[in-house]
Amino acid sequence: EAEVAQSPRYKITEKSQAVAFWCDPISGHATLYWYRQILGQGPELLVQFQDESVVDDSQLPKDRFSAERLKGVDSTLKIQPAELGDSAMYLCASSLTGLLNGYTFGSGTRLTVV
Amino acid sequence: GQQVMQIPQYQHVQEGEDFTTYCNSSTTLSNIQWYKQRPGGHPVFLIQLVKSGEVKKQKRLTFQFGEAKKNSSLHITATQTTDVGTYFCAPGAGNNRKLIWGLGTSLAVNP
């Protein structure tokens, strides 16, 4: 069964450092999502791509977070500088175009900022 | 903005008991998806409901969409320890371009 690949699986970084996460969606999935999930809460959408274009980044803290999907395939989410409050699970998901399709999530990157 | 309330937030059952989680919205929903997230894992898509009054079954899981399309439920018959996890309902929003996620219902099953 096709999977969404994410790396790294775990990341520990010091505050004020830069950190980057990578996601490779399922082949053919034009829509890609980055979510942040704090323990005990539901996923919070950070950014949504349709192919290489951002269609929703309203919840992305743009002063420190950036995301790109240059060729409309894999994607990178960056935080610079990291803050203690950024510690969370960062999940990538992909889906076929259109909401009437379930999302496939990757295993996530567990970020700890110390 | 559109919000969804899921109840209960936590549920603890004995293995073999039934379990139900409810998802309620103040606005009419066009569709709703259900996901399961195991402890330490990532959300896994279970099902999507689109039609008013729709009922879908997956083995011991029964999903319903209310007639008014303002609520939905997930019922698990005879829970097993493998059912442990958090169940999220996620209605479509923003002209169906994204999902709305609540806190989910965390299910614990005593063997």
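Whatever comes next refers back to the structure up there.
The structure presented is a predicted model; accordingly, all values stated were derived computationally and were not measured. (Residues numbered from 1 in each chain as written. Chains lettered and ligands numbered in written order. Predicted model: local features only at pLDDT ≥ 70, side-chain atom pairs only at ≥ 80, totals over all residues. Heavy atoms only, no water.)

1. Some words on the state of the cysteines
All names here are of chain B. Within the structure shown, the criterion is met by two disulfides over all chains. Each sulfur in the disulfide pair Cys23 and Cys89 lies 2.0 Å from the other. Its S-S torsion of about 70° marks the bond between Cys23 and Cys89 as right-handed, since a negative value means left-handed. Within this pair, whereas Cys23 is found in strand β3 (residues 19–25), its partner Cys89 is found in strand β9 (residues 85–93), the two being separated by 66 residues in sequence. (Disulfide = S-S within 2.5 Å. Helix = DSSP H or I, 4+ residues; strand = E, 2+ residues; numbered from the N terminus.)

2. Quick notes on the sheet that holds strand β1 (residues 4–7) of chain B
Residue and element names in this part refer to chain B. Ordered by their spatial adjacency, five strands build an open sheet running β1-β3-β8-β7-β6, and the pairing between neighbours is antiparallel. The open sheet has two free edges, formed respectively by β1 and β6 (55–58), since each of these has just one partner strand. Recorded for the sheet is a direction-independent mean angle of 15° between the axes of neighbouring strands. With four bridges joining them, β6 and strand β7 (residues 61–65) adopt antiparallel strand pairing. Bridging from a neighbouring strand, Gln58 pairs with Leu61 of β7. (Pairing = 2+ DSSP bridges. Axes fitted to C-alpha atoms, helices over the stretch in contact; angles between N-to-C directions.)

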